[in-house]
Amino acid sequence: MKAAVHNYHVRMQRVLDHIDRHLDEDLDLDTASGVAAFSKYHFHRQFTATFGLSVYRYIQLARMKRASYRLAYRDAQSVTEIAMDAGYDAPDAFARAFRQRFGQSPSSFRKSPDWEPWLAAFGPLDNARSKLMHKTYTPDDVTIRDVAPTPVAIMEHRGDPATIGSPSSGSLPGGKQADCRRRQAQPSTSSIPIRARRPRANITWTCASAWIGQSKQTGN
């Protein structure tokens, strides 16, 4: 039974990874079910049962999340370009959907993002992605290794871990808040099991370790 469940999770994770890598392409039920190697009807039922939302809704939210990041951080890219990349045929349709979800127009969000409704809007997406992540770790999940010094970029975060990813402390242009700088990661003989969707283990671990250390120092 456990092997069967694990097999389902592996297939579903493969679909999530495929969606993340191909947001600019046509993503439909046939494509997603093919990645999972299920019939599209069975896949649709299993995806909804596993993640609590349909694959169409998941793709829609993933594209909108990427679009919101581009609005906040890529001033050189026009709203029209971002709308088209998000799968909308016209900027007006994108603007209506964006305002309905975040309570701000795309241009207003670009100038001064309101992150609280942003976090609430993507709760279903974040919950879906967490479904396949480990909730409890055992000693077997811990890997002890030596890591060579590696230059990394770190964005420090102070506050509720749930708000990571929506800058809310420090300062960035356009009201976006963060404190970014480069650091030299030091060799270590311990690590914390942290899951990443893509193979960036050293960077993910180093940044997370730095955040955890910062949290201990500041008491947040």
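What counts, and where the lines are drawn
Residues numbered from 1 in each chain as written. Predicted model: local features only at pLDDT ≥ 70, side-chain atom pairs only at ≥ 80, totals over all residues. Heavy atoms only, no water. Helix = DSSP H or I, 4+ residues; strand = E, 2+ residues; numbered from the N terminus. Buried < 20%, exposed > 50% of the residue type's maximum accessible area, 1.4 Å probe, protein only. Contact = heavy atoms within 4.5 Å. Expected span 1.5 Å × (residues − 1). Core = buried A, V, L, I, M, F, W, Y, C linked by side-chain atoms within 4.5 Å.

Participant: Mind showing me how you'd approach the overall build of the protein chain here?
Facilitator: Within the protein chain, the secondary structure is distributed over 10 helices and two strands. Overall, the protein chain shows an N-to-C arrangement of helices and strands of α-α-α-α-α-α-α-α-α-β-β-α. Looking at the 220 residues of the protein chain, the share that counts as buried comes to 36%. Across the protein chain, every contact between residues at least 6 apart in sequence was considered, and the portion connecting residues at least 24 apart equals 64%.

Participant: Sorry, what's going on with helix H1 (residues 2-21) here?
Facilitator: For an α-helix, the turn length of 3.6 residues means that residues three or four places apart are oriented alike. The terminal C-alpha atoms of H1, which comprises 20 residues, lie 29 Å apart, in line with the 28 Å expected from a rise of 1.5 Å per residue. Residues of H1 that are buried: Met12, Gln13, Val15, Leu16, Asp17, His18, Ile19 and Asp20. Taken together, the buried residues of H1 touch helix H2 (29-36), helix H3 (40-51), helix H4 (55-73) and helix H9 (123-130).

Participant: Just to check I follow, could you spell out the environment of Trp115 for this structure?
Facilitator: Tracing the backbone shows Trp115 in helix H8 (residues 115-121). For Trp115, a relative accessible area of 9% puts it in the buried group. Put simply, Trp115 and Phe102 are 13 residues apart on the chain and 8.8 Å apart in space, counted from C-alpha to C-alpha.

Participant: Mind showing me how you'd approach the nonpolar core here?
Facilitator: In globular proteins that are soluble, nonpolar side chains generally tend to be buried together. Ranked by size, the top nonpolar core spans 39 residues in total, and within it Phe43, Phe47 and Phe94 carry the most contacts. Only H1, H2, H3, H4, helix H5 (79-85), helix H6 (91-102), H8 and H9 provide two or more residues apiece to this core. Here this core takes nine residues from H4, the largest share from any one element. The residues touching Phe47, leaving out its near neighbours within four places in the chain, are Met12, Val15, Leu16, Gly52, Leu53, Ser54, Val55 and Tyr58.

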